[in-house]
Amino acid sequence: MFRLLGHPIRIRVLELLQAGPRPVRELLVEIDVEPSNLSQQLAQLRRAGVVRSYRENGLVVYALSTPAVADLLAAGRRILREVVSQLHPAEPLTQAPAASNRAS
């Protein structure tokens, strides 16, 4: 499952589908990749059971297969945020340097 989420296009597709089902043509506009590349990524997500597809008014539409997929993405974001914050703790806020006094 984690290997499946290791590709930026697949992650972006899943993020977009969290808002609801989307036709392939909308995904293409949002992601800006070649149709063949998007098709390959969607096929991998479909084979893994993470998304489902159906036809609606002549369009191929994709949707998350279960709300648990959105939960998985949210958990991944929380974990990454925590890991990054541990690797790069926020520096304490300091005052901005005073403006230099220049003679005009």
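See above for the structure.
Note that the structure is predicted; figures quoted are calculated from it, not measured. (Residues numbered from 1 in each chain as written. Predicted model: local features only at pLDDT ≥ 70, side-chain atom pairs only at ≥ 80, totals over all residues. Heavy atoms only, no water.)

(A) Seen up close, the nonpolar core. With 19 residues, the main nonpolar core has Val13, Leu14, Leu27 and Val51 as its most contacted residues. Elements with a contribution of two residues or more to this core: α1 (8-17), α2 (24-31), α3 (35-47), β3 (59-64) and α4 (67-87). When residues of this core are assigned to their parent elements, the largest contribution, five residues, is made by α1. If we ignore the near neighbours within four places in the chain, the residues touching Leu27 are Leu16, Leu17, Arg22, Asp32, Leu38, Leu42 and Tyr62. (Core = buried A, V, L, I, M, F, W, Y, C linked by side-chain atoms within 4.5 Å. Buried < 20%, exposed > 50% of the residue type's maximum accessible area, 1.4 Å probe, protein only. Helix = DSSP H or I, 4+ residues; strand = E, 2+ residues; numbered from the N terminus. Contact = heavy atoms within 4.5 Å.)

(B) Structural context of the pairing of strand β2 (residues 51-56). Sheet analysis places β2 next to β3, joined by six bridges and oriented antiparallel. Counted as the bridge partner of Arg52 is Ala63 from β3. (Pairing = 2+ DSSP bridges.)

(C) Expanded view of the packing of α2 against α3. Where α2 contacts α3, the axes come no closer than 11 Å and their chain directions differ by 115°. Classed by the angle they form, the pair α2 and α3 counts as roughly perpendicular. Of the two possible hands of crossing, α2 and α3 adopt the one that is right-handed. Contacts from Val24, Leu27, Leu28 and Ile31 in α2 reach Pro35, Leu38 and Leu42 in α3. A per-class count over the contact of α2 with α3 returns seven nonpolar, no polar and no charged. (Axes fitted to C-alpha atoms, helices over the stretch in contact; angles between N-to-C directions. Parallel < 35°, antiparallel > 145°, perpendicular 65-115°, else oblique. Left-handed = near helix turned anticlockwise from the far one by under 90°. Nonpolar A, V, L, I, M, F, W, Y, C, P; charged D, E, K, R; others polar.)

(D) A look at the pattern of salt bridges. Applying the stated criterion across every chain yields a total of four salt bridges. Residues Glu30 and Arg12 are paired through a salt bridge, measuring 3.8 Å at the closest nitrogen-oxygen approach. Taken as a pair, Glu30 in helix α2 and Arg12 in helix α1 lie far apart in primary sequence, 18 residues in all. Owing to a relative accessible area of 40%, Glu30 belongs among the partly exposed residues under this scheme. Taking the relative accessible area as the measure of exposure, Arg12 reaches 31% and is therefore partly exposed. Put simply, Glu30 and Arg22 hold a salt bridge, and the shortest N to O gap is 3.7 Å. Among the residues examined, Arg22 registers a relative accessible area of 15% and is labelled buried. One salt-bridge network, held together by shared partners, links Arg12, Glu15, Arg22, Glu26 and Glu30. (Salt bridge = Lys/Arg side-chain N within 4 Å of Asp/Glu carboxyl O.)

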